[in-house]
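Below, each chain spelled out in residue letters.
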Amino acid sequence: VHYMAMELVAAGSAEDILQSNGRLDWRDATRVVADACRGLIAAHNAQLIHRDIKPANILIAADGTVKLGDFGLAKPSDSSAVSMTAADRLLGTPHYMSPEQCRAEKVDVRSDIYALGATWYALLAGKPPFAGDVPLQVMFAHCSNPIPDPRQIDPRIPIAATALLHRAMAKEARDRHASAEEMLADLEALMLLPDELEDAPELLETPAQTIAPKFIPPTHLQKHWPVWVGLAAAVATLLLALPFLPNFSKPSTAIEYSTPRPRPTAQTIPPAPRNNPSPSASISSVAAPTSAPTVRRPVRVIENSRLTLPISGPANALALSPSGHLIAAASIEGGVTVYDWSGQHRRTLWSNTPMSGVAFSADSSIIYAGTHASAAATGVPTIHRYRMANNQELPPFGPTSGAGISALAISPNGRFLAAGLETAGNTQILVNLFDLTQNAKELGGLREPGNAITALAFSSDNMLALGGDDNTLRLWQTGQRDAANEIEMGTPITAIATSPDGKIACAAQGILNLYAGNDLKRRAQFHIPDIHALAFSHDGTAMAVGTGNDSHGEITIVSTINFQPQLRLNGHTAKVTGLVFTEDGKSLISASADHQMKIWEIGQVLPRPQLPQTPQP
C-alpha cells in the first residue's frame, strides 16, 4: 500500500496570514518567498516540478520555519506530461498558474518560478495578480494582461522589487529566471537594500487608508528562519532537508564591489545562518553581510555588435533622440556625426569645429552641441543648434564666460539645457543654465570654486548632478544659488549617470559609487579602473559601465539589484566614452575614441523586466 504522510503545521499557511492580517511588509513577503524558493531548489534538484505553488501551499510554523507543501500535482521534470488529466480536467490553481500551464502546454521549472512570482505579488498586494471568479477569465489574464505593479497598492515597495517580480512573471518562459537558484540570488540581494532607500520621499506619499495592517505575528519574525522542506511523491515518501545552500560561486569578472550592511530593525530580521561561499579572487565582497550569500553566475561576453558606424573623429559624447530614431556623437576632431537608427543615413554637422557635448531637444527636432575649448578662439564658448527636419542651422548661443563647453544635458521636462564649463582665469561658474522655452535665455549658473566640469546629468526631478576636476560631486536644484548637496570623491570625476528611479552613479579614478538618491547615501561601491562613461537602463535595474585606454575599450553591464556583472561587450579598440540604453532596454549604443559607434543587441541575453504602462486598479 502506497501512502503519503505530511507534517501538521499548526500555525497555518501564508494564505491564512493574508486572510487574517492582510498583505505583508515587503521585506517579510520577500523573506517568505526566498525561503520557499530554497524549497523549490530542493524539489528541482530532485527532478520534480511542483505545478501548484500558491500561498496556501507555503506553510509557516510557529517558530518561523517556512515549508513548501502539497506535492500532490508534482511531476518528474523529464516527463512529457502537460497540465491536463486524461479526462481533460485542469490541474493547478488558476490564480497562480503560468501562461503555458493555462494553455495546457508542457511545463518546466520556469512555470514554478512564475507561480512563485504570482505568490509573491499576492503577499505584497494582499490579492492575486489577476482577480476573477471565472477560471477561464483568470487564465486569459495570465496569458494576455500586463503584469500589475504592487507599488500601485504600496508605494513603499522598492522599484527594484517590482522589476524582479515582473521578470519572474514574464509571459514568455525564456524571459524569466532560468532557475530557482537565479531567482534566489536576486531575492537575497533585494533584501540587502539599505533602510535609507525605503525612506525616500516618493515611497512615503501613501494615503493612510491604503496602508494595510503590518504582519507582526508574535514569534514568526523574531527568530531566524531555518529552511526545511517536505516533499512527497505518489509512489513513495520523500523528505528532503535543506539546512545549507550549495556553493554556486564562480569567478567571472575583474569587478570588485561592496554593499553597506542594512541596520537590523523589526522589519530587517536576518535569515538563518548558512554556509557563505568565500569570495573568489576576481570578485570580493568587502562589506556585504556574511549571512546572505549571493549566487555568482558566469558573465556572458558579446564580441560582435549588431551595427558598427564610423564617425568623423574620436567620440567624447553620445546622445540618442527621445524618439529613438537618431543617434549623435560629438568629437573634438570632427564636429557631430548623426545617424538614423538603421545606420543607412549619415550626416556630419559642424565638421570643422571641435565639439565636446551633444544633446537632443525633448521633441527630438533640434540637436545641440557645445564647442570645445580648443575651438573658442575668442575665449567665449558657443552652443550650436540645428533643426533636423528642415536642415536649418539656428542662431548659436552660449554663456558669457568660460573657455569652452565640456558637457551638455537637457532636463527631463525639456525646459532647461545645462552646459558644463571648462573654467578659465578667476571665473567661479561651473555650469550655466538656459531656458529652451524662452529662446535659450541664459538663467545664470552655479557659482562655486572649482575647475573644469567633466560630467553632468539631470535626475528625474530635474536636479542636476555634476562633477569635475575638483573631485566633488554636487547636486544643484535649478534656479538655486548654491548646491543642494555635495560629497568629496577624493579624485577627479570622470562620469556621472542618473536613473529614473532616483539612483545616481559617479565614477572617479577607478571607484564607482552608486547612491540611493539626492541625499547621496551610498548604496554600493565598485572598483573598476579607467571608467569614462556610465548609463542606466530606463527601468533602473541595469547600469552600463564604459572603460578602456588608448588600445582597448570594454563595456560591462551590472545589475543594480544584486550588484553583479551580467554582461560584457567587447569590440572597441579604444576607450568607451559614451553609452545610452534604448527605452525598451533591448539595445545599448556605445561611442568610442576609436572613431566608431556600435549598437549592441542585449535583449535576448539580458532580459529587462517590463513595468506596466498603465496603472492597475
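Counting starts from 1 at the beginning of each chain's written sequence and moves along it residue by residue. The predicted origin of the model limits local features to residues at a pLDDT of at least 70 and limits the giving and counting of side-chain atom pairs to 80 or more, whereas totals for whole chains, interfaces and linings rest on all residues. Here the side-chain values reflect all heavy atoms present in the structure, with hydrogen atoms and water set aside.

Secondary structure follows DSSP: runs of H or I at least 4 residues long count as helices, runs of E at least 2 residues long count as strands, and numbering of each begins at the N terminus. What the chain contains, in helices and strands, is eight helices and 36 strands. Expressed as a percentage of its 617 residues, the buried residues of the chain come to 58%. Only heavy atoms enter the contact rule, under which two residues are in contact if any of them lie within 4.5 Å. The long-range share in the chain, meaning contacts at least 24 apart out of those at least 6 apart in sequence, stands at 56%. Total accessible area on the chain stands at roughly 24800 Å², and carbon and sulfur atoms take up 52% of it. Burial classes: relative accessible area under 20% of the type maximum marks a residue as buried, over 50% as exposed, and values in between as partly exposed (1.4 Å probe, protein chains only). Computed with a 1.4 Å probe, the accessible areas rest on the Shrake-Rupley method; for each residue, only the protein chains presented here act as cover.

Looking now at the nonpolar core. Ranked by internal contacts, the top residues of the largest apolar core, which has 50 residues, are Ile-58, Leu-116, Trp-120, Met-183 and Leu-187. Of all the secondary structure elements, the ones that give two or more residues to this core are helix H1 (14-21), helix H2 (26-45), strand S2 (58-60), strand S3 (66-68), helix H4 (109-125), helix H5 (135-144), helix H6 (159-168) and helix H7 (180-190). Tallying contributions element by element places H4 first for this core, with eleven residues. Discounting chain neighbours no more than four positions away, the residues touching Leu-187 are Thr-30, Val-33, Ala-34, Cys-37, Trp-120 and Leu-164. Among buried residues, those of type Ala, Val, Leu, Ile, Met, Phe, Trp, Tyr and Cys that are joined through side-chain atoms within 4.5 Å constitute a nonpolar core.

At least two DSSP bridges between two strands are required for those strands to pair. Strands sit in the order S8-S33-S32-S31-S30 across an open sheet of five strands; the sheet is mixed. Single-partner strands in this sheet number two, and they are strand S8 (300-302) and strand S30 (531-536). Across the sheet, the axes of successive neighbouring strands diverge by a mean angle of 20°, strand direction being ignored. Here, axes are lines fitted to C-alpha atoms. For helices the fit covers the stretch in contact, and angles between N-to-C directions go from 0 to 180 degrees.

For Phe, Tyr and Trp, rings pair up if their centres lie within 6.5 Å, where Trp contributes its six-membered ring, and each pair is then called stacked (planes under 30 degrees apart), edge-to-face (over 60) or tilted (otherwise). Following the criterion strictly, the structure yields three aromatic pairs and no others. Measuring from centroid to centroid gives 6.3 Å for Tyr-368 and Phe-397, while their planes differ by 75°, and the two rings are edge-to-face. With Tyr-368 in strand S15 (residues 366-371) and Phe-397 in strand S17 (residues 392-397), this pair connects stretches of sequence that are 29 residues apart. Take Tyr-368: its relative accessible area is 4%, and that puts it in the buried class. Judged by its relative accessible area of 11%, Phe-397 falls in the buried class. Seen in terms of ring centroids, Phe-397 and Phe-434 are 5.2 Å apart; in terms of plane orientation they differ by 65°. Their pairing is edge-to-face. Taken together, the residues span a long stretch of sequence, with Phe-397 in strand S17 and Phe-434 in strand S20 (residues 429-435) at a distance of 37 residues. Judged by its relative accessible area of 1%, Phe-434 is buried.

Taken in spatial order, the four strands make up an open sheet running S14-S15-S16-S17, and their pairing is antiparallel. This sheet does not close on itself; its edge strands, each paired only once, are strand S14 (355-360) and S17. Within the sheet, the average angular offset between the axes of one strand and its neighbour, ignoring direction, is 20°. Note that S15 and strand S16 (residues 383-387) share five bridges and pair antiparallel. Within S16, the residue paired with Ala-369 across the bridge is His-384.

Below, the discussion takes up the environment of Lys-598. Following the sequence through the fold, Lys-598 ends up in strand S36 (residues 596-601). Sequence separation between Lys-598 and Asn-304 is 294 residues, and the spatial gap between their C-alpha atoms is 9.2 Å. Those residues within four positions of Lys-598 in sequence are excluded, and the remaining contacts are Ser-305, Leu-307, Thr-308, Gly-571, His-572, Leu-588, Ile-589 and Ser-590. Polar contacts, as counted here, are pairs of nitrogen or oxygen atoms within 3.5 Å of one another; within protein the pair requires one atom able to donate a hydrogen and one able to accept it, and residues that are adjacent in sequence qualify only if both atoms are side-chain atoms. Polar contacts involving the side chain of Lys-598 include one to the side chain of Thr-308, which spans 2.9 Å.

Turning our eyes to something else, we now look at the pattern of salt bridges. Between side chains of opposite charge, a pair can form when the charged atoms approach closely. Whenever a carboxyl oxygen of Asp or Glu lies within 4 Å of a side-chain nitrogen of Lys or Arg, that contact is scored as a salt bridge. Summed over all chains, the structure comprises 17 salt bridges. With its nearest N and O atoms 3.1 Å apart, the salt bridge here joins Asp-154 to Arg-23. Taken together, the positions of Asp-154 in the loop between H5 and H6 and Arg-23 in the loop between H1 and H2 put the pair 131 residues apart, joining distant regions of the chain. Just as Asp-154 is buried, Arg-23 falls in that class too. Measuring nitrogen to oxygen at the nearest pair gives 2.6 Å for the salt bridge that ties Glu-601 to Arg-306. Of this pair, Glu-601 sits in strand S36 while Arg-306 sits in the loop between S8 and strand S9 (307-310); the two residues are 295 residues apart in sequence, bridging distant segments of the chain. Taking the relative accessible area as the measure of exposure, Glu-601 reaches 38% and is therefore partly exposed. Classification of Arg-306 as partly exposed rests on a relative accessible area of 38%. Here the salt bridges share partners, and the residues they tie into one network are Arg-23, Asp-154 and Arg-156.

The next point concerns H6. Across the ten residues that make up H6, a large majority, nine, are buried. Listing the buried residues of H6 in full gives Ala-160, Ala-161, Thr-162, Ala-163, Leu-164, Leu-165, His-166, Arg-167 and Ala-168. Buried residues in H6 make contact with H4 and H7.

A few words now on H4. Expected span of a helix: the number of residues minus one, times 1.5 Å. An ideal rise of 1.5 Å per residue puts 24 Å on 17 residues; H4 measures up with 25 Å between its terminal C-alpha atoms. With 15 of its 17 residues buried, H4 lies for the most part within the structure. At the C-terminal side of H4, Gly-126 shows a positive phi close to 85°.

Next up on the list: the confidence of the model for the chain. Per-residue confidence for the chain averages 75 on the pLDDT scale, and 73% of its residues sit at or above 70. Confidence scores here are pLDDT values: one per residue, from the predictor, ranging 0 to 100. Contacts of residues 81-88 to residues separated by more than four positions or lying in other chains number 18 contacts, the stretch itself having pLDDT below 50.

Orientation of H6 relative to H7, taken along the N-to-C sense of each, is 170°, at an axis distance of 10 Å. By the criterion of interaxial angle, the relationship of H6 to H7 is roughly antiparallel. Contacts between H6 and H7 involve Ala-160, Ala-161, Leu-164, Arg-167 and Ala-168 from the former and Glu-182, Met-183, Asp-186, Leu-187 and Leu-190 from the latter. Side-chain classes are defined by residue name, with Ala, Val, Leu, Ile, Met, Phe, Trp, Tyr, Cys and Pro counting as nonpolar, Asp, Glu, Lys and Arg as charged, and the others, Gly among them, as polar. Across the contact of H6 with H7, the residue classes break down as seven nonpolar, no polar and three charged. Small angles under 35 degrees read as roughly parallel and large ones over 145 as roughly antiparallel, with 65 to 115 read as roughly perpendicular and the rest as oblique.

What follows covers the pairing of strand S22 (residues 453-458). Burial analysis of S22 places five of its six residues in the buried class, the great majority of the element. Bridge count for S22 against strand S23 (residues 463-468) is five bridges, and the pairing is antiparallel. What sits directly across from Ala-457, in S23, is Ala-465. Connecting S22 to the next strand, S23, in antiparallel fashion are four residues, including Asn-462 with a positive phi near 70°.

The next subject is unusual backbone geometry. A positive phi is found at Leu-520, a non-glycine position, where the angle reads about 55°. Its identity is not glycine, yet His-595 carries a phi of approximately 70°, on the positive side. Positionally, His-595 belongs in the loop between strand S35 (587-592) and S36.

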